[in-house]
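# Examination of the molecular architecture
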Amino acid sequence: MTVVDTALRPVLDRLDVPTDLLVGGAWRAAGSGRRFDVADPSTGVVLASVADADVTDARAAVDAAEEAAAGWAATSPRSRAEVLLRAFGLMQDRAEELAQLISLENGKCLADARSEVAYAAEFFRWYAEESVRVRGEVGISPSGSHRILVSHRPIGISVLVTPWNFPAAMATRKIGPALAAGCTVVLKPASETPLTALAVAGLLQDAGVPAGVLNVLTTSTSSTVVEGLLTDPRTRMLSFTGSTQVGRLLLRTAADQVLKCGMELGGNAPFVVLDDADVDDALDGAMVAKMRNGGQACTAANRFFVHDALHDEFVAGLVARMSAVRVGAGTDEGSQCGPLINAGAVRKVDELVRDAVEQGARVLLGGSPSIGAGHFYPPTVLVDVPAHARILHEEVFGPVAPVVRFDDEDAMLERVEDTEYGLVSYVYTTDLARGLRMAERIDSGMVGLNRGLVSDPAAPFGGTKQSGLGREGSAEGLLEFSETQYVATSW
């Protein structure tokens, strides 16, 4: 591994992170010989260089996945489960090193990184358990003329494209069900955070994943490489997590091959505080929903709608809590909010804040980028945000909380629904029945009712409208990587 800052070498060496492509069970350089750098967003220091794949490498990865496909599909569910369980154990054993690595290349604070590793590992355990529970059906046709036999088989070679904001969890959330279903895969991690994905791949090799079942391509030309993977006629599935804009482009490419697509796309999550809510509970949830990973999550609370009766108390509490958040480098043990991923992310957040202020919003905390090394933006609270401000319609992906006052529930729900997204919503109320009724009125795939965190490997994760297609996690996540076969027979 090429390490520029020698102070980082002990962390990376303890984890022994590969930096080449994984193709057919072997670590190899890119065919072109090119490499690209990975930097720490807290400091700008280059951590390492990794192999830079091109379309020739993509073809080789599909070749390897095809060669391994029949053998892995024929492997017993119990054997596949044991591999995933070993991977779960290895992730637990190496949890601290993985958390350090995530903090280095992603910038998230260590507390968040440790939580991510624990969450990521659970997908291996969950799908180890689910792999032996895939059941079919046997029934009699309504006419009585024949039997109906239904079974599920691996869909085939699957392309997994993961984002930078949860480099471990988004990889395991896709690898786990794909391998449990009996599919071989090609993983293309984000160019900003490839080291964590490579470390997870090395761990899976140690767990006994056969050669060619998992292949990993790191690249600085993602669109070209992914297009090469999706236009290969042997590919049968695309699982993508990322922006809605990129998701639309990938869906167009996938359409030519009629690929099955699982798409976990953008969000614009509302956080609703009703007039009977417990303000302290709502503030606890708000800090989780907004500040987890510094707001860089598709599930992050993006718009706060607070009833007039509680608005001032909630805002005062939010400002107090946000102002107490310690901003610093991800690897700083005391840090509670790390940097944004790059300079472009800082510019985007700043543009949204400045636009809101120009439209009439007031800044109660923060409101401008930090000066100095690293890509930092401070925790920010805005009030009196007008309905037409961009920040209420675009994903913020930063530690900014725009608060909107309301006194009419129906009018508030109209504003909640004024978005193309439908990933997750948050509702706070002390009346459970009222909260459930409101959840039914909100068009989103997930609702956090008196909870600021919804993600769970055992639950179906996904959205409605332009927040995506399909579900990850739960039993549904495994079936996403399966084809259903029906056999008509008589006896």
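Okay, so let's go over this structure. Quick caveat, the model's predicted, so the values are computed rather than measured.

Calculation criteria
- Residues numbered from 1 in each chain as written.
- Predicted model: local features only at pLDDT ≥ 70, side-chain atom pairs only at ≥ 80, totals over all residues.
- Heavy atoms only, no water.
- Pairing = 2+ DSSP bridges.
- Helix = DSSP H or I, 4+ residues; strand = E, 2+ residues; numbered from the N terminus.
- Axes fitted to C-alpha atoms, helices over the stretch in contact; angles between N-to-C directions.
- Core = buried A, V, L, I, M, F, W, Y, C linked by side-chain atoms within 4.5 Å.
- Buried < 20%, exposed > 50% of the residue type's maximum accessible area, 1.4 Å probe, protein only.
- Contact = heavy atoms within 4.5 Å.
- Phe/Tyr/Trp six-rings, centres within 6.5 Å; stacked < 30°, edge-to-face > 60°.
- Lys NZ or Arg CZ within 6 Å of the ring centre and 35° of its normal.
- Lys, Arg positive; Asp, Glu negative; His and termini not counted.
- Salt bridge = Lys/Arg side-chain N within 4 Å of Asp/Glu carboxyl O.
- Polar contact = N/O pair within 3.5 Å; in protein donor to acceptor, adjacent residues only side chain to side chain.

## Describing the sheet that holds strand S18 (residues 424-428)
The mixed open sheet is built from 7 strands, whose spatial order is S14-S15-S16-S13-S12-S18-S19. Taken across any chain shown, the strands that pair with only one partner, and hence form the sheet edges, are strand S14 (362-365) and strand S19 (446-449). Strand-to-strand twist across the sheet, computed as the mean angle between neighbouring axes with direction ignored, equals 25 degrees. Pairing analysis gives 5 bridges linking strand S12 (residues 269-273) to strand S13 (residues 301-307), with the strands arranged parallel.

## Observations regarding the nonpolar core
Counting 65 residues, the largest nonpolar core has Phe 124, Ile 175 and Leu 214 as its most contacted members. Considering every element that reaches this core, the biggest residue donor is helix H5 (residues 110-130), with 10 residues. Leave out the neighbours within four places in its chain, and Phe 124 touches Leu 84, Ala 87, Phe 88, Met 91, Thr 172, Ile 175, Gly 176, Val 200, Leu 203 and Leu 204. Counting 35 residues, the second largest nonpolar core, distinct from the first, contains Leu 318, Val 381, Val 424 and Val 454.

## Structural notes on the pairing of strand S15 (residues 380-383)
Regular strands have side chains that alternate between both faces of the sheet. Alternating positions in S15 separate into two faces, Thr 380 and Leu 382 on one and Val 381 and Val 383 on the other, with burial throughout. By the bridge criterion, 3 bridges tie S14 to S15 in an arrangement that is antiparallel. Looking across to S15, one finds that Leu 365 is bridged to Val 381.

## Section: the packing of aromatic side chains
Per the stated rule, a full pass over the model turns up 6 aromatic pairs. Measuring from ring centre to ring centre gives 5.8 Å for Phe 271 and Tyr 426, while their planes differ by 35 degrees; the resulting arrangement is tilted. Highlighted residues: Phe 271 in strand S12 and Tyr 426 in strand S18, separated in sequence by 155 residues. Looking at Tyr 426, the relative accessible area reads 2%, which means it is buried. Centre to centre, the rings of Phe 271 and Tyr 428 are 5.2 Å apart; their planes meet at 20 degrees, and the pair counts as stacked. Here Phe 271, found in strand S12, pairs with Tyr 428, found in strand S18; they are 157 residues apart in sequence, far enough to count as distant. Relative accessible area serves as the criterion here: at 0%, Phe 271 is assigned to the buried category. Take Tyr 428: its relative accessible area is 3%, and that puts it in the buried class. Seen from the ring of Phe 166, Lys 108 lies directly overhead, with NZ or CZ sitting 3.9 Å from the centre. The residue whose ring lies beneath Arg 173 is Phe 461, and the NZ or CZ to ring-centre distance is 4.0 Å.

## Structural notes on the sheet that holds strand S6 (residues 147-154)
Judged by pairing direction, the sheet is antiparallel, and its 3 strands sit side by side in the order S5-S6-S22 without closing on themselves. Edge strands, defined here as strands with exactly one partner in the open sheet, are strand S5 (137-140) and strand S22 (482-489). Pairwise comparison of adjacent strand axes, ignoring direction, gives a mean angle of 20 degrees for this sheet. Here S5 runs beside S6; their pairing, made up of 4 bridges, is antiparallel. Bridging across to S6, Val 138 finds its partner in Leu 149.

## Here's the deal with the side chain of Arg 471
Mapped onto the fold, Arg 471 is located in the loop between strand S21 (468-469) and helix H15 (474-479). We note that Arg 471 is buried and unpaired, the nearest opposite charge coming from Glu 476 at a distance of 5.2 Å. Separated by 3.2 Å, the side chain of Arg 471 and the backbone oxygen of Gly 463 make a polar contact. Apart from the residues within four sequence positions on either side, Arg 471 is in contact with Gly 445, Pro 460, Phe 461, Gly 462, Gly 463, Thr 464, Glu 476, Gly 477 and Glu 480.

## A word on the pattern of salt bridges
Applying the stated criterion to the full structure yields 27 salt bridges. Asp 57 is the salt-bridge partner of Arg 28, the closest N and O atoms lying 3.5 Å from each other. With Arg 28 in strand S2 (residues 26-28) and Asp 57 in helix H2 (residues 55-74), the pair connects residues that are 29 residues apart, well separated along the chain. Relative accessible area serves as the criterion here: at 1%, Asp 57 is assigned to the buried category. Across the pair Glu 472 and Arg 173 runs a salt bridge, and its minimum N-O distance is 2.8 Å. You can see Glu 472 sitting in the loop between S21 and H15 and its partner Arg 173 sitting in helix H6 (residues 169-181), a full 299 residues away along the chain. Given a relative accessible area of 11%, Glu 472 falls into the buried group. Residue class for Arg 173 comes out buried when judged on its relative accessible area of 2%.

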